[in-house]
Amino acid sequence: MQTAYPMKEYDAVVVGGGFAGLIAAVKLARANRKVILLERSNQLGGRGMTHEKNGALFNLGAHALYRDGEANAMLRELGVSIEGSVPPTNGYGIWQGRLAPLPVTPWLLLRSRLLSGSGKLELGRFMGRLHRYDPAAIPKMSLREWAEREIRDPMVRHFFYALSRTGTYNKEVSRQLAGPALLQVQRSMKGSVLYVHGGWQRLVDQLHELAVRAGATVRTGAAIANIIREDGRVSGVRLHDGETLSARTVISTLSPAGTHRLVQDAELPSLERWKNEARPIMAAGLDLALKRLPIPDRHFAIGLDQPVYFSHHTSVARLSDEGHRVVHLLKYNGAGESDPRADERLLEETMTLIHPGWRNEVVARLYLPNIAVSHDYMHLDRTGPLPGPRVPELPGFYVAGDWTTHGEMLVDAAAASADRAARQVLEDLRPHTRAAATETA
Ligand SMILES: Cc1cc2nc3c(=O)[nH]c(=O)nc-3n(C[C@H](O)[C@H](O)[C@H](O)COP(=O)(O)OP(=O)(O)OC[C@H]3O[C@@H](n4cnc5c(N)ncnc54)[C@H](O)[C@@H]3O)c2cc1C
């Protein structure tokens, strides 16, 4: 049915208002392109949004910004002010249902009950040479294969896998490519991470403001139903309410499946392959705000024999005006491996192990039973070229978002891919100035 709305002409429509979409919109608008960003939800930020509950600010699960990552560099370059602090690295390992200090200093390593004498020596040496590995030089192999080649002691390997899970959120060590995972571990050891004051929404809101100031139109509550094609190329988008917008290019930052749905009736083998080969990184998250921490100096713990994580984010970040303590617990899940009730129980038991009596202190709670931390990652099952920025079979159609990684991870992949997509759009639009595009409308 033909819409009653007038057709509007844009150089670019950006679908999705998470980090990838917002960064792409800022870049395109700053290049003087007529751009509109459409976000389905009423709040911008996607998986990077922050919720306020009883005076506490919850990111959607534990969120840490890698100081050496692409997102941190790009946000700063765009003019986003990032205020936050580096959390302490000491904490506990969980092994056979008990807590033991992580051997993060020579003294703690020497005293560790987790490792044998030879294990201590091997861990010390391994950590000493960790920063010297060149991730780009590692051939295509799984992280498990690499670790089994480099590390002999099984307990040292457990320790390394736990470090890698914390950095990548991924427990699929047999599928994950070694190089990108190792780079992430190096980044977490070397540059460390920031817990952002006010939550990631502070970054999202600044990106929004920068996009609007540069001339972009940003609409929330606007869900795209499909992409309109004409003469074998993109000509616009149709919203769920029937409105249509005319555009020369469209960047989708939706998941591979969500992007595929936008062009369901088209034969796009690349997109089909990206969708079918995607292996999302999934997790269950328990976010808590507490009146006080039962054991005040317990800030961080990671499972060594089970894929769980605990971190006290208000140890360094300002996330509550009331003085509440915000903590995040996470259980890493493989794709298709989720049991929300069992996962919640495990997270609660983990909390009890670290902070007995925590239930009496709860002021706010958010449980995320099964959320995609990343829609895909660098794994062994991918065939053909890496996704994006162009969808080769449909001129004018581009993809960005964390799953369109070319080696980066998580929000760094979202940022880097948004940059790739925006550059490609600008290059492909080059002969058509904004004036020319408007004249032909
Ligand atoms: C529990 C958890 C912990 C994490 N921790 C970290 C961390 O510590 N460090 C890190 O770097 N990263 C972390 N991440 C990952 C990071 O949050 C994501 O990689 C990043 O936010 C993804 O941004 P994006 O723009 O690619 O996708 P999204 O944020 O998913 O954005 C896509 C947007 O598209 C919108 N949309 C969907 N359908 C439509 C439609 N039809 N029309 C219009 N809009 C639509 C969605 O509402 C959404 O806002 C974490 C993620 C989770 C879930």
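These numbers come from a predicted model, not from an experiment.

Cis geometry is adopted by the peptide bond preceding Pro 389, which originates at Gly 388 and carries an omega value of 0°. Note on placement: Pro 389 falls in the loop between strand E18 (362–374) and strand E19 (397–399). In the Ramachandran plot, Asn 32 falls in the positive-phi region, its phi being about 70° despite a non-glycine side chain. Structurally, Asn 32 can be placed in the loop between helix H1 (19–30) and strand E2 (35–38). One non-glycine residue, Asp 231, lies in positive phi territory at about 50°.

Near the ligand lie 35 residues; those nearest to it are Gly 16, Gly 18, Gly 46, Gly 61 and Leu 410. Looking at the shell around the ligand, the elements with two or more residues in it are H1, strand E14 (281–290), E18 and helix H12 (410–429). For the shell around the ligand, the element with the highest residue contribution is H12, accounting for 4 residues. Along the lines of polarity and charge, the residues of the shell around the ligand split into 16 nonpolar, 14 polar and 5 charged. Residue assignment places the shell around the ligand across two domains, with domain 1 (8–47 + 202–276 + 383–439) and domain 2 (88–193 + 281–374) each supplying three or more.

Right, let's get into the environment of Pro 87. When you line up the elements, Pro 87 lands in the loop between strand E6 (84–85) and strand E7 (92–95). Among the residues examined, Pro 87 registers 20 C-beta atoms within 10 Å and is labelled buried. Between the C-alpha atom of Pro 87 and that of Asn 42, which follows or precedes it by 45 residues, the distance is 32 Å. When near neighbours in sequence (up to four residues on either side) are disregarded, Pro 87 contacts Tyr 195, Phe 300, Ser 311, Ser 315 and Val 316.

Moving on, we come to the domain arrangement of the protein. Each assigned domain of the protein is listed here: domain 1 (8–47 + 202–276 + 383–439) and domain 2 (88–193 + 281–374). For domain 1 versus domain 2, the separation of C-alpha centres amounts to 34 Å. Tallying the contact residues gives 5 residues for domain 1 and 6 residues for domain 2. Partitioned by chemical class, the residues of the side of domain 1 that touches domain 2 number 3 nonpolar, 1 polar and 1 charged.

Its place among the elements puts Asn 59 in strand E4 (residues 56–59). Note on Asn 59: 26 C-beta atoms within 10 Å, which makes it buried. Expressed as a C-alpha distance, the spacing of Asn 59 and Val 196, which sit 137 residues apart in the sequence, is 9.8 Å. Apart from the residues lying within four places of it in its own chain, the contact partners of Asn 59 are Thr 50, Gly 199 and Trp 200.

A pair of packed helices can be characterised by two numbers: the angle between their axes and the separation between those axes. Between helix H4 (residues 117–129) and helix H6 (residues 154–168), the shortest axis-to-axis distance is 9 Å and the interhelical angle comes to 40°. In terms of orientation, H4 and H6 fall into the oblique class. Crossing hand, H4 versus H6: right-handed. Between H4, through Gly 119, Glu 122, Leu 123 and Phe 126, and H6, the contact on the second element is made entirely by Met 155, Val 156 and Phe 159. When its residues are assigned to classes, the contact of H4 with H6 shows 5 nonpolar, 1 polar and 1 charged.

In this section: the sheet that holds strand E5 (residues 65–66). Spatial strand order, E5-E9-E6: 3 strands in an open sheet with antiparallel pairing. With one partner strand each, in any of the chains shown, E5 and E6 form the two edges of the open sheet. Judged from the 2 bridges that link them, E6 and strand E9 (residues 193–196) form a sheet pairing that is antiparallel. Following the sheet pairing, Ser 85 is matched in E9 by Tyr 195.

Moving on: the confidence of the model for the protein. Detail in the predicted coordinates should be disregarded across regions flagged by low pLDDT. In the predicted model, the protein carries a mean pLDDT of 94, and 96% of its residues have values of at least 70. Per-residue pLDDT stays below 50 along residues 1–6; that stretch engages in 6 contacts with residues further than four places along the chain or on separate chains. Note on residues 435–441: pLDDT is under 50 here. Beyond four places in sequence and across chains, it has 7 contacts.

Moving on, we come to the environment of Lys 27. Following the sequence through the fold, Lys 27 ends up in helix H1. Each residue touching Lys 27, except ones within four places of it in the same chain, is listed here: Asp 419 and Ala 422.

Pairing within the open sheet is mixed, and its 7 strands lie in the order E8-E7-E15-E16-E17-E14-E18. Bordering the open sheet on either side are strand E8 (98–101) and E18, each of which pairs with just one other strand. Taking each pair of neighbouring strands and ignoring which way they run, the sheet shows an average axis angle of 20°. Where E7 and E8 come together, 4 bridges link them in antiparallel fashion. Across the sheet, residue Ile 94 finds its bridge partner in E8, namely Leu 99. In this fold H6 packs onto E7, strand E15 (300–303), strand E16 (308–312) and strand E17 (325–333), with an angle of close to 115° to the strand it touches most, E15.

Cut-offs applied
- Residues numbered from 1 in each chain as written.
- Predicted model: local features only at pLDDT ≥ 70, side-chain atom pairs only at ≥ 80, totals over all residues.
- Helix = DSSP H or I, 4+ residues; strand = E, 2+ residues; numbered from the N terminus.
- Near = placed C-beta within 6 Å.
- Nonpolar A, V, L, I, M, F, W, Y, C, P; charged D, E, K, R; others polar.
- Domains from an automatic or database assignment.
- Buried ≥ 20, exposed ≤ 12 C-beta atoms within 10 Å, placed from the backbone.
- Contact = placed C-beta atoms within 7 Å.
- Axes fitted to C-alpha atoms, helices over the stretch in contact; angles between N-to-C directions.
- Parallel < 35°, antiparallel > 145°, perpendicular 65-115°, else oblique.
- Left-handed = near helix turned anticlockwise from the far one by under 90°.
- Pairing = 2+ DSSP bridges.
- pLDDT = per-residue confidence, 0-100.

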